[in-house]
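Read off the chains here:
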Amino acid sequence: MDLTERIEHYGMPALYLLLAIGIAIPILHPIGLPMVVGEDTKTFYALVDSLKPRAIVHYGIDPEIGGFEELRSRMIAIGAHLFAKDARIVFAGFDPNAPEIYKLLINDIGVPKGKEYGVDYVFLGYIPGREIGIASYAKDVHALLSVDYFGTPLQNLPLMNDVKTIRDFSLVISFSSHELPINYIQQVYVPYHARVAVVVIGVMAPALKPYYPDQIVGFLSTPRQGAEYELLLHRPGIGVADFDAQTIAHAILLIFIVAGNLIVLKRRHSKRGA
Amino acid sequence: MDAISLWISTALTIFTVSLIFKETPLYRFAEHIFMGTAMGYGIVLAVKATSDIVWTPILNGQVIWIMSIILGLMLFTTFSKKHSWLSRYPTAIVVSTGVTLTMITVIRSSFLSQITSTFLNPIAQPFTGSPELAINNILVIVIVICTLAYFVFSGAGTWQNNRALMLVRKAAIYFMMFAFGAGFAATVVSRIALWVGRTRYLLAPDSLPITAIIVVFTALILVGLEPLQKMWKKA
């Protein structure tokens, strides 16, 4: 068995093993690799930072549970930033995973002292119907829902008395792992010209990027931007902690991609020679 | 309760990852648990959504919502050969509502706005001050034209042998490969992020001892399962 055959044979288990080690080491002992904050992150940060006190923001918990981990650092950082800016947050989700993610998220964000449920933030739960649900929500929240996720009538929640249609929101943010942000653009931006910002997983970036900056005002699409946002916020969290591990994992993958291509080229060359 | 959920989530994560090496009963156990839990969760959520959005308003006197319950129940007639025609009505309402809502806005958001966003003037303001952006805009225009030409001028025809068109089509293939490659890379980045998150969870001080125990247990199953199965067959 020559070297290339050996690499081919043991390549896959070796890749997984190296990835596991490469990810575990920086999590146990952070390296602190240098990081440059990108333009998209700065724009998004400025967007949230420019909100007036008591502005109402829709915080769309729209990812599937599989996509949540990639979005987690950005969701926490942006949620914390909104609370810090004294914005009033309406949490709601058009994906069935919203209630479970909300429980994890609100714990991770850590509601600041003095913030009161119903006054400073509410959770409306999962709203079914996807695009139709978004359209109904945008048109009249109270016609669609009469209670929040916990069964409290909306008229008993002071924050919801200031919300009727999507026009009452200063900013609409959708955190998603699928095509729901496109539905937001179609049902929130086009008819009402509401300001829509989108935070998605990397896979969705090619589908959503064409809408930025014409139809959406903020756009984040990589887990690295979670770390960047934490740095801008001066609140290092899991984004910064995961950055080293992700960078090392990507470096290992790049090495394997180069090695794989070299093997293919060598084989092609030897076939031609034969 | 927290300790139990810690054990369960750690075990299910490691059982699922064990598929990298071999499919074992542990992996299948985790897979079945996932499917069952997801189904149960979905049903509970659907019932809660129906209760909150439909049932509560009915109790408050908004009887119009009874229509949605009737239409929802009509969907179940699809299981009856005699009455399955009834399920077409709610299906038609759902589809027509969706299409109407989408058609009104999709032309503006995903068609007209996309065309105006694509055909940018790379030398006009505000791009004059940013050479990078100007290059990006030129690339967008060139790539869109090449890719459109690839699909529009496909199939048999004498113009297929036109040298300029062949070059454009060849360039389009490379551009599309770049795009597909970027899409695939983004998928890998997503999976790595997921793996990093689970590793962070497994290596957290609370779950580290549990992780160690379950990793050893899973490794023993992975190594010992095949000899045990052989012994069982022989016996």
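Source: prediction; values computed, not measured.

In this section: the overall build of chain A. Helix and strand counts for chain A stand at 11 helices and six strands. Taken along its principal axes, the extent of the C-alpha atoms in chain A is 80 × 40 × 35 Å. Each of the 274 residues in chain A was classed as buried or not, and the buried ones make up 54%. Considering only contacts within chain A whose residues lie at least 6 apart along the sequence, 76% involve residues at least 24 apart. Surface exposure of chain A reaches about 11900 Å², of which carbon and sulfur atoms provide 61%.

This part covers unusual backbone geometry. Residue and element names in this part refer to chain A. A cis amide bond links tyrosine 212 with the next residue in sequence, proline 213, at an omega value of 5°. Within the secondary structure, proline 213 sits in the loop between α9 (205-208) and β6 (218-220). The phi angle at aspartate 86 is positive, at roughly 65°, despite the residue not being glycine. Unusually for a residue other than glycine, histidine 234 sits at a positive phi of about 55°.

Moving on, we get to the interface of chain B and chain A. In this complex, chain B contributes 37 residues to the contact, which on the side of chain A involves 48 residues. Carbon and sulfur atoms make up 69% of the area that chain B and chain A hide from each other, which totals about 3700 Å². Inspection of the region where chain B meets chain A yields two salt bridges. One salt bridge connects arginine 200 of chain B with glutamate 69 of chain A, and the closest N-O pair in it is separated by 3.2 Å. Breaking the side of chain B that touches chain A down by element, the ones donating at least two residues are α2 (25-59), α4 (88-118) and α6 (163-202) of chain B. By residue class, the composition of the side of chain B that touches chain A is 19 nonpolar, 14 polar and four charged.

It is worth spelling out the pattern of salt bridges at this point. Residue and element names in this part refer to chain A. Inspection of the entire model under this criterion finds 18 salt bridges over all chains. Note that arginine 54 and aspartate 120 form a salt bridge whose closest N and O atoms lie 2.9 Å from each other. You can see arginine 54 sitting in the loop between α2 (39-49) and β1 (56-62) and its partner aspartate 120 sitting in the loop between α4 (98-109) and β3 (121-126), a full 66 residues away along the chain. The shortest N-O distance in the salt bridge between glutamate 228 and arginine 224 comes to 2.5 Å.

This next bit is on the side chain of glutamine 186 of chain A. Mapping glutamine 186 of chain A onto the fold places it in helix α8 (residues 180-192). Dropping the residues within four chain positions of it, glutamine 186 of chain A is found in contact with Glu131 and Pro191 of chain A together with Thr102, Thr105, Val106, Ser109 and Ser110 of chain B.

Packed helices, taken two at a time, are described by the angle between their axes plus the distance between the axes. Residue and element names in this part refer to chain A. Contact geometry for α2 and helix α3 (residues 65-84): axes closest at 9 Å, N-to-C directions at 30°. Classified by the interaxial angle, the pair formed by α2 and α3 is roughly parallel. Here Phe44, Tyr45, Val48 and Asp49 of α2 lie close against α3, whose contacting residues are Ile78, His81 and Leu82. In terms of residue class, the contact of α2 with α3 is built from five nonpolar, one polar and one charged.

This next bit is on the packing of helix α5 (residues 131-139) of chain A against α8 of chain A. Residues and elements named next belong to chain A. It is the contact of α5 with α8, at a shortest axis distance of 9 Å, that shows an interaxial angle of 35°. When the axes of α5 and α8 are compared, the crossing they make is right-handed. Where α5 approaches α8, its residues Glu131, Ile134, Ala135, Ala138 and Lys139 are matched on the opposing element by Leu180, Asn183, Tyr184, Gln186, Gln187, Val188 and Tyr192. Looking at the contact of α5 with α8 residue by residue, the class counts come to seven nonpolar, three polar and two charged.

Quick look at the environment of leucine 51 of chain A now. Residues and elements named next belong to chain A. Relative to the assigned elements, leucine 51 resides in the loop between α2 and β1. Between the C-alpha atoms of leucine 51 and alanine 98, which are 47 residues apart in sequence, the distance is 25 Å. Sequence-distant contacts of leucine 51, defined by excluding residues within four places in its chain, comprise Val57, Leu82, Lys85, Ser170, Leu171 and Arg195.

Glancing now at the packing of aromatic side chains. Overall, the coordinates contain 21 aromatic pairs over all chains when judged by the stated rule. Note on tyrosine 16 of chain A and tryptophan 195 of chain B: the rings are 6.3 Å apart at their centroids and 45° apart in plane angle, and the pair reads as tilted. Note that tyrosine 16 of chain A is positioned in helix α1 (residues 3-28) and tryptophan 195 of chain B in helix α6, a pairing that runs across two chains. Take tyrosine 16 of chain A: its relative accessible area is 28%, and that puts it in the partly exposed class. Judged by its relative accessible area of 24%, tryptophan 195 of chain B is partly exposed.

Conventions adopted
- Residues numbered from 1 in each chain as written.
- Chains lettered and ligands numbered in written order.
- Predicted model: local features only at pLDDT ≥ 70, side-chain atom pairs only at ≥ 80, totals over all residues.
- Heavy atoms only, no water.
- Helix = DSSP H or I, 4+ residues; strand = E, 2+ residues; numbered from the N terminus.
- Buried < 20%, exposed > 50% of the residue type's maximum accessible area, 1.4 Å probe, protein only.
- Contact = heavy atoms within 4.5 Å.
- Areas by Shrake-Rupley, 256 points an atom, 1.4 Å probe, with all protein chains shown as cover.
- Buried area = accessible area lost by both parts, 1.4 Å probe.
- Salt bridge = Lys/Arg side-chain N within 4 Å of Asp/Glu carboxyl O.
- Nonpolar A, V, L, I, M, F, W, Y, C, P; charged D, E, K, R; others polar.
- Axes fitted to C-alpha atoms, helices over the stretch in contact; angles between N-to-C directions.
- Parallel < 35°, antiparallel > 145°, perpendicular 65-115°, else oblique.
- Left-handed = near helix turned anticlockwise from the far one by under 90°.
- Phe/Tyr/Trp six-rings, centres within 6.5 Å; stacked < 30°, edge-to-face > 60°.

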